[in-house]
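Spelled out from the first residue to the last, the chains are:
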Amino acid sequence: MIKVLYSAALLFAGFTTLAHADAVGVRDFTVPQSENGRALKTVVWYPAETNGKVEIVGENPAFLGIPAIRNALPDAAAHPLVVLSHGYGGSWRNLSWLAAELVTKGYVVAATDHPGTTTFDRSRTEAAKLWERPRDLSRLIDALLADKELGSRIDGKRIAAIGHSLGGWTVAALAGARVDAERFAADCEAKTSPRACALSHELGLDSTGEARKTLEGDLRDPRIGAVVSLDLGLARSFSPESLAAVTVPMLIFGAGIDVGGLPADLESGYLAAKLPMATREYVVVADAMHFSFLQLCKPGAVELIEERSPGDGVACKDGGTRGRAAIRREVTDRIATFLGATLP
């Protein structure tokens, strides 16, 4: 949700090197534009045969990338699928670390760029179609299952969705959370969540007519069997009634240190309080900040970012003494346990 990610990613995109990968395959995948939706640039990570050239994927001068085998032959098994949704102004790269971790645990993982709210596509028209974000993921699932090579490597009965920031909102909508725009406007009048409310117009939450009807419609995908939210924003746009009716198991992470007007108790905490207690788990990572759920930063990254874009170095800052790697270890372990229980 915080716009600094856009600046940092735009400044430092596009650098790769060589390293070793442990049977993690990666390939580009495009969902073509159609009558049902927009074109989607996607990267798919998957368990692979070990032969092939290795490269570091998604690295730049500030952020570390992930070692993987480009266009490797997928292994012969059918694996559960996880689709990833980035935050406002982010990209498919942001959760690459998690994608690689999940691949080593036996998942196929697909991360797409959401047009209008991604680093290299800032179309206001597309950004205001907030409902298209969950639809993007549904269309991505359709395309993957239909793909001649990857489709047979996916178990269509075991699908999960994970999102960070606005991506957390996206995957919650896939689980059945529904927008109540009038209620959210009243919430913003009370200045409950000022950072999220500041983006209301840009993301179309103040839309009218058919656009509002679509935004407030049912965006649920019944194929989604589990959802993980990483410090989401715009949670308060969801109606309490729709959240109470969600049956999809959901693991919710909140960042214990607020750095951008998205305090966990007002966003992730709201989601956790309104969902059925029996099917949700809520974890506040006390020493995490909003960007602690993203890629590892290189030494000197804060200074490098600050030099080019003052104020945006927060994208590489974490709280406490553990550091981002340890925070990610906790998050990965909890996600793996959760998915193992909900997608057996």
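Residues numbered from 1 in each chain as written. Predicted model: local features only at pLDDT ≥ 70, side-chain atom pairs only at ≥ 80, totals over all residues. Heavy atoms only, no water.

Help me get a handle on the nonpolar core, residues and values and all.
The biggest cluster of nonpolar side chains holds 60 residues, and the ones touching the most others in it are Leu-144, Leu-234, Phe-238 and Leu-271. Per element, the largest residue contribution to this core is seven residues, and it comes from helix 5 (residues 166-175). What Leu-271 contacts, discounting residues up to four positions off in sequence, is Ser-229, Leu-232, Ala-235, Phe-238, Leu-243, Met-250 and Ile-252. Grouped together as the second largest cluster of nonpolar side chains are 48 residues, Val-43, Leu-102, Ile-162 and Ala-315 included. (Core = buried A, V, L, I, M, F, W, Y, C linked by side-chain atoms within 4.5 Å. Buried < 20%, exposed > 50% of the residue type's maximum accessible area, 1.4 Å probe, protein only. Helix = DSSP H or I, 4+ residues; strand = E, 2+ residues; numbered from the N terminus. Contact = heavy atoms within 4.5 Å.)

Give a detailed account of the packing of aromatic side chains, specifying residues and quantitative values.
As enumerated under the stated definition, the model contains two aromatic pairs in all. Taken together, a centroid distance of 5.4 Å and an interplanar angle of 15° make the contact between Trp-169 and Phe-238 stacked. Linking Trp-169 in helix 5 with Phe-238 in the loop between strand 8 (224-230) and helix 9 (240-244), this pair joins segments that are 69 residues apart in sequence. Comparing Trp-169 with Phe-238, the two get one shared label, buried. Ring centres of Phe-253 and Phe-293 lie 6.4 Å apart, and the angle between their planes is 55°; on these two criteria the pair is classed as tilted. With Phe-253 in strand 9 (residues 250-255) and Phe-293 in the loop between strand 10 (280-285) and helix 11 (301-308), this pair connects stretches of sequence that are 40 residues apart. Comparing Phe-253 with Phe-293 shows no difference in burial state: the two are buried. (Phe/Tyr/Trp six-rings, centres within 6.5 Å; stacked < 30°, edge-to-face > 60°.)

Any details on helix 11? Residues and values, ideally.
Among all positions of helix 11, only Ala-301, Val-302 and Ile-305 are buried. One side of helix 11 carries all its buried residues, which in axial view fall inside an arc of 100°. Structural note: helix 11 exposes Glu-303 and Glu-307 on the side pointing more than 90 degrees away from its buried face. (Arc of directions from axis to C-beta.)

Which residues make up the state of the cysteines, and what values do they have?
As used here, a disulfide is simply a covalent bond connecting the sulfur atoms of two cysteines. Overall, the coordinates contain two disulfides when judged by the stated rule. Residue Cys-188 pairs covalently with Cys-197 via a disulfide, S to S 2.0 Å. Linking Cys-188 and Cys-197, the disulfide has an S-S dihedral of approximately -85° and is accordingly described as left-handed. By the burial criterion, Cys-188 is buried, and Cys-197 matches it. Note that Cys-297 is cross-linked by a disulfide to Cys-316, the S-S spacing being 2.0 Å. Classification of the bridge connecting Cys-297 and Cys-316 rests on its S-S torsion, roughly -85°, and on that basis the disulfide is left-handed. Placement of Cys-297 in the loop between strand 10 and helix 11 and of Cys-316 in the loop between helix 11 and helix 12 (324-342) is noted, with a sequence separation of 19 residues between them. Classification of Cys-316 as buried rests on a relative accessible area of 12%. Each disulfide of the protein joins two cysteines, and with those cysteines numbered along the sequence the arrangement is 1-2, 3-4. (Disulfide = S-S within 2.5 Å.)

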